[in-house]
Amino acid sequence: MLKINSFQKVALSSYFVVLLLWIFLQTSGRTGDNVDNLNYWYSFLFGLIPLIGGLIGMFKSHIWGGLKSVLGKAIFFFSLGLFLWGFGEAIWSYYNFFMAEPAPYPSIADIGFAPSIFFWILGTWFLAQASGAMHAFKNSKVAKTLSVVISLTLAGVAYHMLINVARGGVLVPEGETALKTVLDIAYPLGDFLALIFATVVFALSRKYLGGFYRPAIASILIGLAIMYFGDFSFSYTTTAGTFYNGNFGDLLLASGNFFMTFGVLGFASLPLVKKESAEETK
Amino acid sequence: MDVFSQIAEKIIEQQELIIGPVAVEQAKRVKELKIDWPQHDVDISGSPQAAIDALVAQYKELFGQIAVETCKEAVVRYTSQLTPDQLPSSLK
């Protein structure tokens, strides 16, 4: 049975609450134009998971040496990305509750959202070194080929999804502000790179990665992949004008953030390992 | 330091680069190793092969095969000095 620590238990419980609230929103008809403050509460609550989880992750990364070790850097940068994303969501909620703006994009909230993807990519780079993906890449021609095939395939699919489907074939529509133009390019590019990195690292590390922390690392990478689909849905619905707080895309964003937070928090404690001796290992 | 102590030290040092102070904590759980890490001093009591195997197993428990591969790569320079029957099974 999977052993989880107390931080992960709290994150899991919070996610169930968010999940139940999302189901309630859908079944009570709070969709489309029929939204009220409960939809805003949903957005606010799911943002707390990465906000608080990221903060804990940054503090707990010192267990692994913080910025002095490869794994410490991976945990720190993932946590920083989560914290910033949660911060962005808190600002988003401020616009919802106090300025009556249901979809503030672009806004100050993007100061949190935009850099989070960069830090997740940086975290994935260090995770690749700790998880065996880099080892596989250096020592196996099959792994090198697999990396290229995955990257090219995903590049094609992700470009089609993000540009053709989500944005109607236009990356930057005419008449946009400079900030929106930058963000409209930065988000898909960041999401696209994060998805490729996560998939390649996941595929290459499968042979080597094991042990107590395998589920935590898998959870981080799964979360990162889900975030791509969440951001894709956000782009699609905001372009089509069908976005509302608490839609399916928001559930994906809540889930992606949860999986990443859950994985990062897996490193917030050490397993209780019995005293090892030569006799016991025979 | 004899070659097995050097192997143990190198393994801990390499693991420390990857997982930080947890590497030293895990090494201290191996009964056969006496570690003074500020001095980078490692003493082995009992069978050195078994001690190295226990050390590698400690890291494998946390991160699986990648931990073993990292240990092997870290000590290639030393293991080439050993005969096949001297080599700890975890480093073969």
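That block above? That's the structure.
Criteria and thresholds
Residues numbered from 1 in each chain as written. Chains lettered and ligands numbered in written order. Predicted model: local features only at pLDDT ≥ 70, side-chain atom pairs only at ≥ 80, totals over all residues. Helix = DSSP H or I, 4+ residues; strand = E, 2+ residues; numbered from the N terminus. Rg over C-alpha atoms; globule rule 2.2 N^0.38 Å. Buried ≥ 20, exposed ≤ 12 C-beta atoms within 10 Å, placed from the backbone. Contact = placed C-beta atoms within 7 Å. Nonpolar A, V, L, I, M, F, W, Y, C, P; charged D, E, K, R; others polar. Axes fitted to C-alpha atoms, helices over the stretch in contact; angles between N-to-C directions. Parallel < 35°, antiparallel > 145°, perpendicular 65-115°, else oblique. Left-handed = near helix turned anticlockwise from the far one by under 90°.

**Considering the overall build of chain A**
When helices and strands are tallied, chain A shows ten helices and zero strands. Of the regular secondary structure in chain A, the N- to C-terminal order runs α-α-α-α-α-α-α-α-α-α. For 282 residues, the compact-globule estimate of 2.2 N^0.38 gives 19 Å, and the C-alpha radius of gyration of chain A, at 20 Å, lies within 12% of that figure. Counting only C-alpha atoms and orienting by the principal axes, one finds that chain A spans roughly 70 × 40 × 35 Å. Counting the 282 residues in chain A, one finds 46% classified as buried. Counting contacts in chain A only where the partners sit at least 6 residues apart, residues at least 24 apart contribute 79% of the total.

**Let's talk about the interface of chain B and chain A**
With 28 residues of chain B in contact, the opposing surface of chain A contributes 26 residues. Of all the secondary-structure elements, those providing two or more residues to the side of chain B that touches chain A are helix 1 (3-19), helix 3 (48-63) and helix 4 (65-74) of chain B. Element by element, the count of residues in the side of chain B that touches chain A is highest for helix 3 of chain B, at ten residues. Looking at the side of chain B that touches chain A, its residues break down into 14 nonpolar, six polar and eight charged.

**Structural notes on the packing of helix 1 (residues 6-27) of chain A against helix 2 (residues 37-60) of chain A**
Two packed helices can be described by the angle between their axes and the distance between those axes. All names here are of chain A. At their nearest, the axes of helix 1 and helix 2 sit 10 Å apart, and the two run at 165° to each other. The angle between helix 1 and helix 2 falls in the class roughly antiparallel. When the axes of helix 1 and helix 2 are compared, the crossing they make is left-handed. Mapping the contact onto sequence places F7, A11, S14, Y15, V18, L21, W22 and L25 in helix 1 and L38, N39, Y42, L45, F46, I49, G53 and I56 in helix 2. Its residues placed into classes, the contact of helix 1 with helix 2 shows 13 nonpolar, three polar and no charged.

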